[in-house]
Amino acid sequence: MFLIQNTLVSLDILEKEFCCDLDVCRGCCCVEGDAGAPISDEELKIIEQMLPDLLPQMTQEARDVVERQGLSYLDPSGEQVLSIVNGKDCIFARTNHDGWCYCLIEKMAKDSSFIKPVSCHLYPIRLTKVGEYTGLEYHRWDICHCGRVKGKKLHVPLYQFLKEPLIRRFGQEWYDELCLTAEEWHKQIAASNK
């Protein structure tokens, strides 16, 4: 782990290569899983304001879930997460006629400054609380195998692939420090391999 400002960054984030391959996975991370995406109170308030525009585009099942339990719930660890349909599908996930999954919030993003919950934007990085720090961990999920293959083929480090959401969440100064840390780490590795 590396300490960057008030975060603890897993070595995997600097070393692993990753690049989403939507042509293969078709966005299935939004419709597979056993819990909803983690969401902050601030994000929930934004989504509540967007809800009148989102509801007509949601599936009937998703609208029923929202009516029954609301937009979010507490998962077994006590974390607030978005509600899901049938124990797996995000309430804001839709599938087009070609079988591609898309996010209704992201689809509306062109008319809003809110892209989607930051936990979705950061995936496959997951954030955890580690005492007073925020921990950044690489979450390996079988359905993202194609992202690992494409990342390795294109030589795209995970932290570079997720540059935009990392800056969105932690800021440019933090991201610049992360890049310097990665550079120094890779220099050390190269020197020890000589």
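Residues numbered from 1 in each chain as written. Predicted model: local features only at pLDDT ≥ 70, side-chain atom pairs only at ≥ 80, totals over all residues. Heavy atoms only, no water.

1. A look at unusual backbone geometry
Phi is mostly negative for residues that are not glycine, and the peptide bonds are mostly trans.
Stage number 1. That bond from Tyr123 to Pro124 is cis: its omega, 20°, falls within 30 degrees of zero.
Stage number 2. Positive phi, close to 50°, is recorded for Gln5, a residue that is not glycine.
Stage number 3. Mapped onto the fold, Gln5 is located in the loop between β1 (2–4) and β2 (7–9).
Stage number 4. Here the phi dihedral of His155 falls at roughly 55°; this positive angle occurs in a residue that is not glycine.
Stage number 5. Structurally, the position occupied by His155 is in the loop between α7 (145–154) and α8 (158–161). (Helix = DSSP H or I, 4+ residues; strand = E, 2+ residues; numbered from the N terminus.)

2. Description of the packing of aromatic side chains
Stage number 1. Applying the stated criterion across every chain, the model contains four aromatic pairs.
Stage number 2. Considering the side-chain rings of Tyr123 and Trp141, the 6.0 Å spacing of their centres and the 80° angle between planes classify their relative orientation as edge-to-face. Separated by 18 residues along the polypeptide, Tyr123 in the loop between α6 (118–122) and β9 (125–130) and Trp141 in the loop between β10 (133–138) and α7 bring together distant segments of the chain. (Phe/Tyr/Trp six-rings, centres within 6.5 Å; stacked < 30°, edge-to-face > 60°.)

3. Structural notes on the sheet that holds β9
Stage number 1. Ordered in space as β1-β2-β10-β9, the four strands form an open sheet in which the pairing is mixed. The open sheet is flanked by β1 and β9, the only strands paired with a single partner. When the angles between neighbouring strand axes are averaged without regard to direction, this sheet yields 30°. (Pairing = 2+ DSSP bridges. Axes fitted to C-alpha atoms, helices over the stretch in contact; angles between N-to-C directions.)

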